[in-house]
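What follows is the residue order along each chain.
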Amino acid sequence: MKIHEYQAKGLFREAGIPCPEGHLVTSSAAIDELAAKLTPGIWVVKSQIHAGGRGKGRITMAGVDTGGGVRVTKGPEAAIAAARSMLGGTLVTLQTGKAGKQVNRVLVEAGVDIASEFYLAAIIDRETARVAIMASTEGGTEIEEVARTTPEKIHTVRIDPLLGYRSYHGRSLGLKLGFQGDVLKQFDTLVSNLYTLFVGKDCSLAEINPLVLTSQDQLVAIDGKLNFDDNGLYRQGALVALRDVAEEEPLEVEAAEFQLNYIKLDGNIGCLVNGAGLAMATMDIIKAFGGEPANFLDVGGTATPENVARSFRIMLRDKVAGIFVNVFGGIVRCDVVARGLVEALGEVQLEIPLVVRLEGNRKDEAVALLAESGLPIITAENMKDGAMKIVSACQAGN
Amino acid sequence: MAILLREDSKIVVQGITGGAGRFHTSLMVEFGTKVVAGVTPGKGGQDFEGVPIFDSVVQACDATGANVSIIFVPARFAAESILEAADAGIELVVCITEGVPAIDMAKVKSHLARTGTLLIGPNTPGILAPALRCKVGIMPDMIFSPGRIGVISRSGTLTYEAVDQLTRLGLGQSTCIGIGGDPVIGLAFLELLELFEADPDTDGVVLIGEIGGNQEEVAARYIKEHMSKPVAAFIAGKTAPPGKRMGHAGAIISGGKGTAADKVAALEAAGIKVALTPSDIGDTMLAALEEKRNG
């Protein structure tokens, strides 16, 4: 699960990580009230959407470009004007796709007197199964870029979660960043707080970028990101309330309600598969034969007739040009899946090509069932055969 | 004969009275697996189809000599069940449960490093050794056949796809292991490759990876430097968009790392044959064995 920057900063503050004074506005009336709250000085006005690249992104309102997704303004009046030109607009960044995202929330944040910028993040290191804290002097730039060009500038400590954070972890990182005296102590406390937040809230990523050292020698989190481990959400009731469904793909939200793993992609060939690995491989093989997958869809190891029918409805609403059903029957029997297919197709008038590949447990019965149904199903011998057939059927239809 | 499992592997099922526990215990027993005990706190003294149920793993071990555990408990209890098994002296734990928080698994792994317990999973279809008639998992046993190929995989249905092809090509399997689709897991490709390399009854290995993490790259390095047996690989997720969790919690490209292209490149650079599609996994293994034979 992802949350907005202003929500992450709320959790940072709760955890004792200093952030600049900020005001969130979600309505024109709330923007009016800002005049009484903002003091003279620099204000940074930031669109709140989940996608990254906001600073370089552009906002349009009624077809008119109103400026960037993040703007530094001088004085309350300019800040208020910037907020007005963002709220309700559509922000297009490198990560949003062409359609962009509507800006429903704007954060107006006090400017900070920056002396130097750093990077600080916590993740779970898969290889060592420890919490890795990474820090760098290259704050404000994408850490992937730093990792590619100057990996020696990223410093890492790995913490055994059974032992937890110890002061020397933070101190050793702080020394690498060149901190000393009171700033080093501040940094130790800040890393400790970030670690506690990361573990306590089941984060998959807790990132502060940039972490700023002000001219007054104070460490402040200027921008930050928190992502959460979905597997931990069952014990994070307060976090679930922070979810912004408007930022998610509607069909994905609907599919998730039925425990279907569905991810919408840009292509036009729908895929219905059992198992995540096979589902990924099915997308790959469609692409390998010149087609474009419309989705990732794992109906689960136990593909029930109900879930097969639901999956069909979702793909048809996504207006796919054809559907490839690829099921390896193990514990789940192919004839049960075939019956689900026949049922699902009884409800809808299918006007697009459907290729079905069933392999494994009770395959012959399944193939017979499909043949008897008289439905216009193209059967496939194996995955490769199925992928070729659906790609050529979709191309013929265009 | 196999890796991880032996003739004397005796299995205790943690969560034997739940839906999945009951269903798969029956199938494991039917296949020939020596299921000697079940554990469900509060149901000690009862039995499931003749398998005695205990209140704790320690009791189950004392009474039956169980040395391998399989876990079907709900996600919120899974980490504790692994710890209970480890502290009871179980040698090998297979955690089928999906949805265990990653931080819990990190803590569990830290503890297992002290007890020396081997862990497979979580979020795995388990282990199957055809010649031993031993299945500690949920795999459809009818597609397997005894033989000399090892299979290790991060995905369930892709494993079945591969095993089905191997069986049809006359390539039976020594041991098949699903290592699990989560970011933090027990034994990974590296440790299992080491076991297969040392196993006198395995001639070659099929390795099925996917996006996320870097254990395929680590495996490639090991194979190149230390492995004498041929390996055939497949990597899923070439078309997966970055930043999205593709079904498995561990199948995510983050920060530009863990892409299928990187993994395929690392494997090929190490001289490993990588199947283009899942339909080619069996043939790729056959070709790798052939190449080895011709030296």
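Residues numbered from 1 in each chain as written. Chains lettered and ligands numbered in written order. Predicted model: local features only at pLDDT ≥ 70, side-chain atom pairs only at ≥ 80, totals over all residues. Heavy atoms only, no water.

Asker: Go over the sheet that holds strand E1 (residues 11–14) of chain B with me, naming the residues and quoting the values.
Answerer: Residue and element names in this part refer to chain B. The strand order E3-E4-E2-E1-E5-E6-E7 describes an open sheet built from 7 strands, whose pairing is mixed. The open sheet has two free edges, formed respectively by strand E3 (47–48) and strand E7 (118–120), since each of these has just one partner strand. Across the sheet, helix H2 (residues 57–64) touches E1, strand E2 (35–39) and strand E4 (51–54), and the angle it forms with E2 is around 155°. (Pairing = 2+ DSSP bridges. Helix = DSSP H or I, 4+ residues; strand = E, 2+ residues; numbered from the N terminus. Contact = heavy atoms within 4.5 Å. Axes fitted to C-alpha atoms, helices over the stretch in contact; angles between N-to-C directions.)

Asker: Give me the packing of helix H3 (residues 75–87) of chain B against helix H4 (residues 102–115) of chain B: which residues, what numbers.
Answerer: Residues and elements named next belong to chain B. Between H3 and H4, whose axes approach to 10 Å, the crossing angle comes to 5°. By the angle class used here, H3 and H4 are roughly parallel. Across the interface between the two elements, Ala79, Ile82, Leu83, Ala86 and Asp87 from H3 touch Asp104, Met105, Val108, His111, Leu112 and Thr115 from H4. (Parallel < 35°, antiparallel > 145°, perpendicular 65-115°, else oblique.)

Asker: An account of the packing of aromatic side chains is needed here, citing residue identities and associated values.
Answerer: Geometrically, a pair of aromatic rings is defined through the distance of the ring centres and the angle of the planes. The final tally for this structure, using the stated rule, is 4 aromatic pairs over all chains. Each ring, one from Phe118(A) and one from Phe179(A), has its centre 4.8 Å from the other, and the planes form 70°; the classification is edge-to-face. Taken as a pair, Phe118(A) in strand E9 (residues 114–125) and Phe179(A) in the loop between helix H5 (167–177) and helix H6 (181–200) lie far apart in primary sequence, 61 residues in all. A relative accessible area of 5% means that Phe179(A) is categorised as buried. Geometrically, the ring pair formed by Phe328(A) and Tyr160(B) is tilted, given 6.3 Å between the ring centres and 55° between the ring planes. (Phe/Tyr/Trp six-rings, centres within 6.5 Å; stacked < 30°, edge-to-face > 60°. Buried < 20%, exposed > 50% of the residue type's maximum accessible area, 1.4 Å probe, protein only.)

Asker: Tell me about unusual backbone geometry, residues and numbers included.
Answerer: Most peptide bonds are trans, and most residues other than glycine sit at a negative phi. The omega torsion of the bond from Asn209(A) to Pro210(A) falls at 5°, within 30 degrees of zero and hence cis. Its place among the elements puts Pro210(A) in strand E12 (residues 203–214). Cis geometry marks the peptide bond from Gly121(B) to Pro122(B); its omega dihedral reads 10°. Along the chain, Pro122(B) falls in the loop between E7 and strand E8 (126–129).

Asker: Quick one: what's the story with the interface of chain B and chain A, residue by residue and with numbers?
Answerer: Interfaces are often sized by the accessible area lost when the parts come together. Each partner contributes to the interface: chain B provides 61 residues, whereas chain A provides 42 residues. Counting each side, the surface lost to burial between chain B and chain A is near 4,100 Å², with a carbon and sulfur contribution of 63%. Ranking the residues of chain B by area buried against chain A places Ile103(B), Thr157(B) and Thr239(B) at the top, with a combined share of 15%. At the surface where chain B touches chain A, the tally comes to 5 salt bridges. Notably, a salt bridge pairs Asp104(B) with Arg235(A), separated by 2.9 Å at the nearest N-O pair. The interface formed by chain B and chain A includes 16 residue pairs in polar contact (both at pLDDT 80 or more). Within the residue set of the side of chain B that touches chain A, elements represented by two or more residues are helix H1 (19–31), H4, helix H5 (156–168) and strand E13 (231–236) of chain B. (Buried area = accessible area lost by both parts, 1.4 Å probe. Salt bridge = Lys/Arg side-chain N within 4 Å of Asp/Glu carboxyl O. Polar contact = N/O pair within 3.5 Å; in protein donor to acceptor, adjacent residues only side chain to side chain.)

Asker: Break down the domain arrangement of chain B for me, with residues and values.
Answerer: Residue and element names in this part refer to chain B. One can read the domain layout of chain B as domain 1 (11–120) and domain 2 (139–294). Inter-centroid distance (C-alpha atoms) of domain 1 to domain 2 is 27 Å. Contact residues are listed per partner, giving 11 residues for domain 1 and 11 residues for domain 2. Each partner contributes to the roughly 870 Å² buried at the junction of domain 1 and domain 2, and carbon and sulfur atoms together form 65% of this total. Taken together, the elements giving at least two residues each to the side of domain 1 that touches domain 2 come down to H1, H4 and E7. Counting residues per element, the side of domain 1 that touches domain 2 draws most heavily on H4, at 4 residues. Looking at side-chain class alone, the side of domain 1 that touches domain 2 contains 9 nonpolar, no polar and 2 charged residues. (Domains from an automatic or database assignment. Nonpolar A, V, L, I, M, F, W, Y, C, P; charged D, E, K, R; others polar.)

Asker: Tell me about the side chain of Ser85(A), residues and numbers included.
Answerer: Residue and element names in this part refer to chain A. Structurally, Ser85 is set in the loop between helix H3 (76–84) and strand E6 (90–92). By relative accessible area, Ser85 is classed as buried at 15%. There is a polar contact of 2.8 Å between the side chain of Ser85 and the side chain of Arg71. Leaving out residues up to four positions away in the same chain, Ser85 has contacts with Ile59, Met61, Thr66 and Arg71.

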